[in-house]
Amino acid sequence: NKFGNFVHRTLTFLVKNWESGLSAQSFSAISNHLQLETIRSYHQKIISAVDHFQLTRAHAELILFAQAANEFFHSEQPWKKIKTDRNGTEQTIAMSVVYILSMGVLLKPFVPKLSAKILDYFKGYVTDQSVASIYQGNFDLLLTLFQSQGFKPTSEPKVLIPRIDSKVLETL
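Residues numbered from 1 in each chain as written. Predicted model: local features only at pLDDT ≥ 70, side-chain atom pairs only at ≥ 80, totals over all residues. Heavy atoms only, no water.

Chemist: How would you summarise the overall build of the protein if you had to cite specific residues and measurements?
Modeler: From N to C terminus, the protein includes ten helices and zero strands. Going from N to C terminus, the protein has its helices and strands arranged as α-α-α-α-α-α-α-α-α-α. Against the 2.2 N^0.38 benchmark of 16 Å for 172 residues, the protein shows a C-alpha radius of gyration of 16 Å, consistent with a compact globule. Considered along the principal axes of its C-alpha atoms, the protein spans approximately 45 × 40 × 30 Å. Looking at the protein as a whole, 46% of its 172 residues qualify as buried. (Helix = DSSP H or I, 4+ residues; strand = E, 2+ residues; numbered from the N terminus. Rg over C-alpha atoms; globule rule 2.2 N^0.38 Å. Buried < 20%, exposed > 50% of the residue type's maximum accessible area, 1.4 Å probe, protein only.)

Right, here's the structure in full:
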């Protein structure tokens, strides 16, 4: 549930603190951020594994990618940072949005319904063609989609993967 937790936590925080959405400037400000290289690296590893039919490796990389996204969010502590550095916090959330879009694209071959739920937040920002382009390696598109108009989720954040009650798991 690392994917669902990250997406829900990020988008809920965004909607709560930026009712009008993130500014285009917040995405421009992160264009040289080192974290983009982490996203690019995972993206390339996952696509390469899929292209070579190494699905177990691709799945493992996807889990590591979600873990890296969660670690980034946690290390930035936007819930604390917003009290003293609103612009810096907005950039943290912008980077998290880039992570989310990348996740939505990369999950498509594995969990199409989850991918669709994630990509629904980006309606009006991405098309099937731009998703395919990102998947094929047009990594720069992850940022340029938002550098002119910013980003606001097109629907309220919802829990993507419901928690399974531990009692239900015990019966399995």
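Back to the write-up after that little detour.
Chemist: Outline the environment of Gly137, supporting the account with residue identities and numerical values.
Modeler: Position of Gly137 among the secondary structure elements: in the loop between helix H8 (128-135) and helix H9 (141-147). Considered as a pair, Gly137 and His43 are 94 residues apart in the sequence and their alpha carbons are 8.0 Å apart.

Chemist: Give me the lowdown on the side chain of Ser26, citing residues and values where you can.
Modeler: For Ser26, the position within the fold is in helix H2 (residues 24-29). Side-chain polar atoms of Ser26 contact the backbone oxygen of Ser23, separated by 2.6 Å. Non-local contacts of Ser26, meaning those with residues more than four positions away in its chain, are made with Glu90, Gln91 and Ala94. (Polar contact = N/O pair within 3.5 Å; in protein donor to acceptor, adjacent residues only side chain to side chain. Contact = heavy atoms within 4.5 Å.)

Chemist: Mind laying out the pattern of salt bridges, listing which residues take part and the relevant values?
Modeler: Overall, the coordinates contain four salt bridges when judged by the stated rule. The closest approach of N and O atoms between Arg40 and Glu37, which form a salt bridge, is 3.6 Å. Of the two residues, Arg40 and Glu37 both sit in helix H3 (residues 35-51), three residues apart, roughly one turn of that helix. Note on Arg40: relative accessible area 26%, which makes it partly exposed. Of the charged contacts in the structure, one is a salt bridge between Asp120 and Lys123, with a shortest N-O distance of 3.9 Å. According to the relative accessible area criterion, Asp120 is partly exposed, its value standing at 36%. Put simply, Glu37, Arg40 and Asp140 are held in one network by salt bridges that share partners. (Salt bridge = Lys/Arg side-chain N within 4 Å of Asp/Glu carboxyl O.)

Chemist: Any chance you could break down the environment of Tyr125 for me, citing the residues and the numbers?
Modeler: Its place among the elements puts Tyr125 in the loop between helix H7 (112-120) and H8. Under the relative-accessibility criterion, Tyr125 is labelled buried at 16%. Considering only alpha carbons, one finds Tyr125 and Ser20, 105 residues apart in sequence, at a separation of 15 Å. Among all residues touching Tyr125, those that are not within four sequence positions of it are Leu145, Phe146, Gln149, Gly150, Phe151, Lys152 and Thr154.

Chemist: Got a sec to walk through helix H6 (residues 86-107)? Specific residues and values, please.
Modeler: When the terminal C-alpha atoms of H6 are compared, their 31 Å separation across 22 residues agrees well with the 32 Å that a helix rising 1.5 Å per residue should span. Most of H6 sits inside the fold, with 19 of its 22 residues counted as buried. (Expected span 1.5 Å × (residues − 1).)

Chemist: Residues and numbers for the confidence of the model for the protein, please.
Modeler: Averaged over all residues, the pLDDT of the protein equals 88, while 92% of them reach at least 70. Within the protein, helix H5 (residues 78-81) carries the highest mean pLDDT (95), whereas helix H10 (residues 166-171) carries the lowest (56). (pLDDT = per-residue confidence, 0-100.)

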